[in-house]
Amino acid sequence: MSTTTLAVLVPLLPFLGAVAGLLFGRTAPGFVRPLAILPTLAAAVLAVLVAFRQGGGRAIDTATELTPTGSVPIELSLYLDGFAVLVAVLVGVVATCVQLYSTAYLREDPRYPSYAALVSLFTSAMLLVVYSGDLMVLLVGWEVMGICSYFLVGHYWETEAARSASLKAFLVTKLGDVPFLIGLFALATDAGSFQITKILDTVATGGLDHPTLIALLLLAGVAGKSAQFPLHTWLPDAMAGPTPVSALIHAATMVAAGVYFVARLLPVFAASRAALVVMAVMAAVTMVGSGLAALAQDDIKRVLAYSTIGQLGYMTGALAVGDRGAAVFHLLSHGAFKALLFLGAGVIIHAAGTNSLAAMSRMSGLARRIPDAFWTMTIALLALAAIPPFAGFFSKEAVLVAAEHAATGHSEFAPSAAGWLVLVSGVLTALLTAAYATRLWLMAFRGRGASAPDHGKEPFAMTGVLWLLAVPSVGFGLAAGPLADWFDGGRLTPTLATSILGTGAAAIGAMLTYALWQRATAEAATAPAAIGPAAAAAAGPATAPGTASAAGTERPAAVAAAVSAATAAAESAAETPEVAEVSHTHPAVPAGPAADPGRALLGPLHRHAADGFHLDAVYDRLFVRPVLAAASLVRFLDREVVDTYVRGAGAGPRLLGGLVRRAQTGNVQSYLSALLAGAVVLAIATAVLANVNAGS
């Protein structure tokens, strides 16, 4: 079987599995799990085989015209280079792990058949994006992923959080897709084709008439899909969906699609230095802002969501300095350890019965309850913090090396300003990443208080997947040397300068967080016990936060903040839909102040960072309210102005008809009298007019 045929089967098999699952999921429930796992597993195996055959050599390019359009043709095209085949392997492996994990995680979910089918369709759409050599076919996969994310994020549609999150994710990404679509048409018009190879040939010959405009339009769609500033706000809220969906979205699909698109068409963006500077600014703001926000989150999944935004910022930064090899290397590395982090978080949620880090910090023994998740999460967090020799260290260093290369003026087309911007923000983000990774580990696994609930041993389908993903999280960085030949041949190994900068910043962030955690733990141990919402209601006003104690003194602000944290943790445990799905009970949240080093690290910035720097409120004032006001005005004009004219046009004839109807009495004498009166009036009028005319 030819490589091209195998490549066609890679996205086709999950698609067929999705169709079969949707058709037979309810009528033949015994086939749901095989239809979910086997096609995805087969696609992963075939993707590995395609990668082995391609071998990082000359790109495989084949196309057949799909339909004549009269102008720019649309073609079914495959373009298999080193980037495409390796990203397809990542998608296939992560999707298979997610499907296996979901069989245990959602084993009692009544909507599991539709969930599994949508995951397969999601996987197929991403593989279509990866392998497609035609931008219009790529757009099909791009949009199908948006639809799938809407349904999967809204899986727990009974909850307001899931409904709002799914709608927000759909609308924000569509907001970016509008200029993205315009940019695609403008690009195809200049190049005379949607086929990627022909577009790149046009760019190489300087055939683009509007490179900056096209690049910025495309970048808007990438910002929406890959959750980059300012269109990143949908991703943290998307945590309302099931945890395996979060793993799939963050590690191998959707958010990775935007970065991959820019990497595939990097010469288009490189044709405009202004576009590269804009991309660098976007990456820098995204990296630093998401790192600060992650330090202030209480929900473990929201910490990981902001982490994803920041790591995508690293990839965007690498693209801004013109090194797509470093960007895709980090995409592959990040896909492995981020999938591990989210799936491990699912095990933690299952065991602790809550998403709240504050609640976990008041539980002891959680690491002993779930040793598999503890060790694999530790590996993944070390990779996230870019600690050598884990995979994240090598891929993050590749980005910093590329930024240093551009900053010192050694890049062919990237401005040095973009290089400095990415380098400085990248080093600062390394410190922040290590800080929030350390915070998550300490609060989740080094809590003190009542013993964590014991739900028994986790299913092997969940723990086995964690150890499988731990292997590339540890060793994938060793592939930095060979991978250079699969990409553009650029150097992916770290240099001494960037290693000292990046690892030093990470060490400072980790040690500072640990020291502040120890201090917060000591303060929490000596502070009065915090109370949950129920206890607060029972205690009455005398023990409410901020009131005077029996001694007549106010409680310290730190204790009041701890009470607030405890209340928030209890509410988080009670409102999280996944707790009901996987543990069927809401365990009591231990009372007491939470030892959170993030508050000390951020100081007065903590409140703003916890709310995502109020970007949702800003967008509400700038866009949502004006749109709603405009809609209200249109509704008023439609009802009170347009409808008034319409009603008037009908009322006039109706009134005239009513008057005429009154004259129709059925009395012949009345008709004759009216006829006679009319004749008399006409005669008099005629005589008057005749006299007037004669006198003139």
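Above this note sits the structure.
Residues numbered from 1 in each chain as written. Predicted model: local features only at pLDDT ≥ 70, side-chain atom pairs only at ≥ 80, totals over all residues. Heavy atoms only, no water.

Trainee: Describe the overall build of the protein, and please don't skip the residues or the numbers.
Mentor: Within the protein, the regular secondary structure consists of 30 helices and four strands. Oriented by its inertia axes, the alpha-carbon framework of the protein measures out at about 120 × 80 × 60 Å. Relative to its 696 residues, the protein shows a buried fraction of 54%. Counting contacts in the protein only where the partners sit at least 6 residues apart, residues at least 24 apart contribute 80% of the total. (Helix = DSSP H or I, 4+ residues; strand = E, 2+ residues; numbered from the N terminus. Buried < 20%, exposed > 50% of the residue type's maximum accessible area, 1.4 Å probe, protein only. Contact = heavy atoms within 4.5 Å.)

Trainee: How would you summarise the packing of helix α2 (residues 32-54) against helix α3 (residues 82-105) if you had to cite specific residues and measurements?
Mentor: With their axes 8 Å apart at the nearest point, α2 and α3 run at an angle of 160 degrees to one another. On the basis of their axis angle, the class for α2 and α3 is roughly antiparallel. Considering only the axes of α2 and α3, their crossing is left-handed. Across the interface between the two elements, Arg33, Ala36, Ile37, Thr40, Leu41, Ala44, Ala47, Val48, Val50, Ala51 and Gln54 from α2 touch Gly82, Val85, Ala88, Val89, Gly92, Val93, Ala95, Thr96, Gln99, Leu100 and Thr103 from α3. Grouping the constituent residues of the contact of α2 with α3 by class yields 14 nonpolar, seven polar and one charged. (Axes fitted to C-alpha atoms, helices over the stretch in contact; angles between N-to-C directions. Parallel < 35°, antiparallel > 145°, perpendicular 65-115°, else oblique. Left-handed = near helix turned anticlockwise from the far one by under 90°. Nonpolar A, V, L, I, M, F, W, Y, C, P; charged D, E, K, R; others polar.)

Trainee: Please provide a residue-by-residue account of the side chain of Ser226, values included.
Mentor: Structurally, Ser226 can be placed in the loop between α8 (211-225) and α9 (234-237). Ser226 sits in the buried class, given a relative accessible area of 0%. A distance of 2.5 Å separates the side chain of Ser226 from the backbone oxygen of Val255, its partner in a polar contact. When sequence neighbours within four positions are dropped, the list of residues in contact with Ser226 reads Val255, Ala257, Gly258, Val259 and Leu312. (Polar contact = N/O pair within 3.5 Å; in protein donor to acceptor, adjacent residues only side chain to side chain.)

Trainee: Describe the pattern of salt bridges, and please don't skip the residues or the numbers.
Mentor: All chains considered together, the criterion is met by eleven salt bridges. For Arg302, the salt bridge identified is with Asp237, shortest N-O distance 3.1 Å. Of this pair, Arg302 sits in helix α14 (residues 300-320) while Asp237 sits in helix α9, and the two are 65 residues apart along the sequence. What makes Asp237 partly exposed here is its relative accessible area of 24%. The residue Arg439 makes a salt bridge to Asp596 at a minimum N-O spacing of 2.7 Å. Of this pair, Arg439 sits in helix α20 (residues 416-445) while Asp596 sits in the loop between α26 (577-582) and α27 (597-602), placing them 157 residues apart in sequence. The exposure class of Arg439 is buried, given its relative accessible area of 1%. (Salt bridge = Lys/Arg side-chain N within 4 Å of Asp/Glu carboxyl O.)

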